[in-house]
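Survey of secondary and tertiary structure
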Amino acid sequence: ICSLPKEKGWIFSHIYKYEGFWYSARHLQGVIACQKYFLAQESDIFLVTTPKSGTTWLKAIMFTLVNRKRYPVKENHPLLNNNPHNLVPFLELEYMDNQQPDLSLSSSPRLFATHFPYFLMPNSVHDSACKIVYLCRNPKDNLVSLWHFAKKLKLQATAIHSLEEAFDMFCSGLSPCGPFWDHVLDYWNESKKNNRILFLKYEDMKEEPAVHLRRLAEFLGYPFSADEEETGMVGEILKLCSFDNLSNLDINKTDKKAYGMENKSFFRRGEVGDWKNHLSTEMTRKIDKITEQKFSEVGLVL
Ligand code: A3P
């Protein structure tokens, strides 16, 4: 473990490197305790991202999908009164501050989000049959989203950087739960040999949401029945979980918090390509080159 001081701390006052990846102190405490104590169940489902890759969206979709018998998509659906982060916990964050969390959860199967790289997942996850959904996002949009998020969190004694500084840190691998590219590669490579992992891209989900929702449903073992197809269930879930719907709900407009962050801070633009409004030609060239160097060999395009 090595640490970097506040001025290099990205959105945290300090940031620590553990096994090649960067965490805030509290996050790291959760990571280590979780690795030690978490016991996976065969039916568990994990939703994995780097921060700002669309975790909130996928939490909403997966919660709605696997619980649709218990919570039909209609007026009193839990998503209408709860931020997605309060319905699907972040696994390692449940272990922060040396807590021994009650993970019985209200949903069945248990759904957990995490930013763990695959190789750092608790052993019980590696040894079990549980399923893992990985969602990644174009690094340029990921960075821009992260930078805006960091600015919103400035109340939390954070180190605020200009976009240029944030860009340089991100490109050198220094981002929360990063290096971004190593995180994505870890799951991409594993997904090629492990059919318990479904690898999704934010951009694909935006372009053809119904296609990927059906894929997700099949993968998780909750396929849509002919009846559901006929009554438009796919469209209903997508509408409920859409950026426009979720971001305009009262519960997501208040200053109520999930994991210490205001509900509204998880919704900004929800679009593909906002990086074009922020990155210079030179920045674009530099980050594209890194992506090309890291991903071309394994055939991944982001
Ligand atoms: P932008 O900052 O580009 O708008 P995370 O959930 O991992 O923290 O990622 C946040 C990003 O996902 C933000 O991106 C946010 O606006 C976007 N987002 C949140 N809810 C979404 C939804 N329902 N559909 C699409 N994007 C969503």
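Residues numbered from 1 in each chain as written. Predicted model: local features only at pLDDT ≥ 70, side-chain atom pairs only at ≥ 80, totals over all residues. Heavy atoms only, no water.

As annotated in an unreviewed UniProt entry, the protein chain carries the name Sulfotransferase and comes from Fraxinus pennsylvanica.

Before going further, it helps to spend a moment on the overall build of the protein chain. Helix and strand counts for the protein chain stand at 13 helices and nine strands. For a compact globule of 302 residues, the expected C-alpha radius of gyration is about 19 Å, and the protein chain comes in at 19 Å, within 12% of that figure. The contacts in the protein chain between residues at least 6 apart in sequence include a share of 74% that link residues at least 24 apart. For the protein chain, the accessible surface area stands at approximately 13,800 Å², while carbon and sulfur atoms represent 49% of it. (Helix = DSSP H or I, 4+ residues; strand = E, 2+ residues; numbered from the N terminus. Rg over C-alpha atoms; globule rule 2.2 N^0.38 Å. Contact = heavy atoms within 4.5 Å. Areas by Shrake-Rupley, 256 points an atom, 1.4 Å probe, with all protein chains shown as cover.)

This part takes up helix 11 (residues 233-240). The set of residues buried in helix 11 consists of Met 233, Val 234, Ile 237, Leu 238 and Leu 240. Seen along its axis, helix 11 keeps its buried residues to an arc of 165°; they face one direction. Those residues of helix 11 that are buried are in contact with helix 2 (55-66), helix 9 (209-220), helix 10 (226-230) and helix 12 (243-247). (Buried < 20%, exposed > 50% of the residue type's maximum accessible area, 1.4 Å probe, protein only. Arc of directions from axis to C-beta.)

With 93% of its residues at a pLDDT of 70 or more, the protein chain has an overall mean of 92. This complex was scored by the predictor with a pTM of 0.96 and an ipTM of 1.00. (pLDDT = per-residue confidence, 0-100.)

Once that is clear, we can look at the nonpolar core. Grouped together as the largest cluster of nonpolar side chains are 50 residues, with contacts concentrated most on Phe 38, Phe 46, Ile 132, Val 184 and Tyr 187. With near-sequence residues (within four places) excluded, Tyr 187 lies in contact with Val 48, Phe 116, Pro 117, Tyr 118, Met 121, Ile 132, Tyr 134, Ile 197 and Phe 199. By size, the runner-up hydrophobic cluster in this structure holds 46 residues, among which are Leu 47, Phe 224, Cys 241 and Phe 266. (Core = buried A, V, L, I, M, F, W, Y, C linked by side-chain atoms within 4.5 Å.)

Turning next to the pairing of strand 6 (residues 131-136). In terms of burial, strand 6 is a largely internal element, five of the six residues being buried. Where strand 4 (residues 45-48) and strand 6 come together, four bridges link them in parallel fashion. Note on strand 6: the bridge partner recorded for Leu 47 is Val 133. With five bridges joining them, strand 6 and strand 7 (residues 197-201) adopt parallel strand pairing. Across the sheet, Leu 135 pairs through a bridge with Leu 200, a residue of strand 7. (Pairing = 2+ DSSP bridges.)

This part takes up the pattern of salt bridges. Going through the model one piece at a time under the given rule, you end up with 13 salt bridges. Put simply, Asp 288 and Lys 140 hold a salt bridge, and the shortest N to O gap is 2.6 Å. Taken together, the residues span a long stretch of sequence, with Asp 288 in helix 13 (residues 281-295) and Lys 140 in helix 5 (residues 139-152) at a distance of 148 residues. Exposure remark for Asp 288: the relative accessible area of 35% places this residue in the partly exposed category. A residue is classified by how much of its surface remains accessible, and Lys 140, at 6% relative accessible area, is buried. Between Arg 269 and Asp 274 there is a salt bridge, with the nearest N and O atoms lying 3.1 Å from each other. Connected via shared salt-bridge partners are Arg 268, Arg 269, Glu 271 and Asp 274. (Salt bridge = Lys/Arg side-chain N within 4 Å of Asp/Glu carboxyl O.)

So, about the side chain of Asp 141. As for its placement among the helices and strands, Asp 141 is situated in helix 5. Despite being buried, Asp 141 has no salt bridge partner; Arg 137 is the closest side chain of opposite charge, sitting 4.7 Å away. In terms of polar contacts, Asp 141 uses its side chain to reach the backbone amide nitrogen of Trp 275, at 3.0 Å. Ignoring any residue separated from it by four or fewer positions in sequence, one finds Asp 141 in contact with Glu 271, Val 272, Gly 273, Asp 274 and Trp 275. (Lys, Arg positive; Asp, Glu negative; His and termini not counted. Polar contact = N/O pair within 3.5 Å; in protein donor to acceptor, adjacent residues only side chain to side chain.)

Take the site of the ligand next. The immediate surroundings of the ligand are formed by 17 residues, with Lys 52, Thr 55, Thr 56, Ser 145 and Arg 269 found nearest. Within the contact set of the ligand, an oxygen atom lies 3.1 Å away from a backbone nitrogen or oxygen of Gly 54. With respect to the ligand, the side chain of Arg 268 contributes an N or O atom lying 2.8 Å from an oxygen atom. Calculation on the ligand without its partners gives an accessible area of 570 Å², and the protein chains cover 97% of this total. Residue contributions to the shell around the ligand peak at three residues, all from helix 2. For the shell around the ligand, the class distribution of residues is six nonpolar, seven polar and four charged. (Near = heavy atom within 4 Å. Nonpolar A, V, L, I, M, F, W, Y, C, P; charged D, E, K, R; others polar.)

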